[in-house]
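Take a look at the letters that make up each chain.
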Amino acid sequence: GLCDAASAILLYLQQFPDHAKIHQLFLVNPWVRQAHTQAAVFLRYYYIKRLFSQEFWKKLLTGKIRKKSVLQEIWSFKQQSKKQDIDKNEDNFVSRMLTALTLLTGQCHFILSGNDLTADEFKLLINDDKDWQTIMLQDNISLEEIEYADHSFSNYDQKGLLFHSCLLY
């Protein structure tokens, strides 16, 4: 499953745990969007790239982008990234995905695009959340990143790498 389909697979498994029948999952760029993680990803990945982009500076200096609106947007994302939407005890889709993984006895292969904000958000989650860090260390779970791939692996070579990754198992 790709993106929300990857997340939906885990949500289904959590709600209808028929895990014994599942031998392998391939979850590509799972959707874990939450307001605070989205804001953090925009700050860490999107805006960093923009600051080093000649095109951005050209637009800013020629007035095609208003400085005030850029600063307001950055400030807003900064504030939002500090807010944790999730109470660890709260039932939300990301915690249900985690629960499904803890119950899974088959193999789960996460494959992430190297050039994708959705994948970046998943990476942020597994780097910042102790429960996700723990689950990702299980023997039945693997993680692979395909460098330079966009969200849907639209480049022929990257799509080939995705297929190859799936065929290895």
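Procedures and definitions
- Residues numbered from 1 in each chain as written.
- Predicted model: local features only at pLDDT ≥ 70, side-chain atom pairs only at ≥ 80, totals over all residues.
- Heavy atoms only, no water.
- Pairing = 2+ DSSP bridges.
- Helix = DSSP H or I, 4+ residues; strand = E, 2+ residues; numbered from the N terminus.
- Axes fitted to C-alpha atoms, helices over the stretch in contact; angles between N-to-C directions.
- Parallel < 35°, antiparallel > 145°, perpendicular 65-115°, else oblique.
- Left-handed = near helix turned anticlockwise from the far one by under 90°.
- Contact = heavy atoms within 4.5 Å.
- Nonpolar A, V, L, I, M, F, W, Y, C, P; charged D, E, K, R; others polar.

(A) Summary view of the sheet that holds strand β1 (residues 24–28). Spatially, β1-β2-β3 is the arrangement adopted by the 3 strands of the open sheet, whose pairing is parallel. Each edge of the sheet is formed by a strand with only one pairing partner; in this case those strands are β1 and β3 (141–146). Strand after strand, the sheet turns through a mean of 20° between neighbouring axes, direction not considered. Here 6 bridges tie strand β2 (residues 107–113) to β3, and the two strands are oriented parallel to one another. Looking at β3, one finds that Leu-112 is bridged to Glu-145.

(B) Spatial organisation of the packing of helix α1 (residues 4–15) against helix α5 (residues 93–103). Their axes nearest at 8 Å, the elements α1 and α5 cross at an angle of 70°. Judged on the interaxial angle alone, α5 and α1 are roughly perpendicular. Handedness of the crossing formed by α1 with α5: left-handed. Of the residues in α5, those touching α1 at Ser-7, Leu-10, Leu-11, Leu-13 and Gln-14 are Phe-93, Arg-96, Met-97, Thr-99, Ala-100 and Leu-101. Residue composition of the contact of α1 with α5, grouped by class: 7 nonpolar, 3 polar and 1 charged.

The values reported here are purely geometric and, on their own, carry no functional implication.
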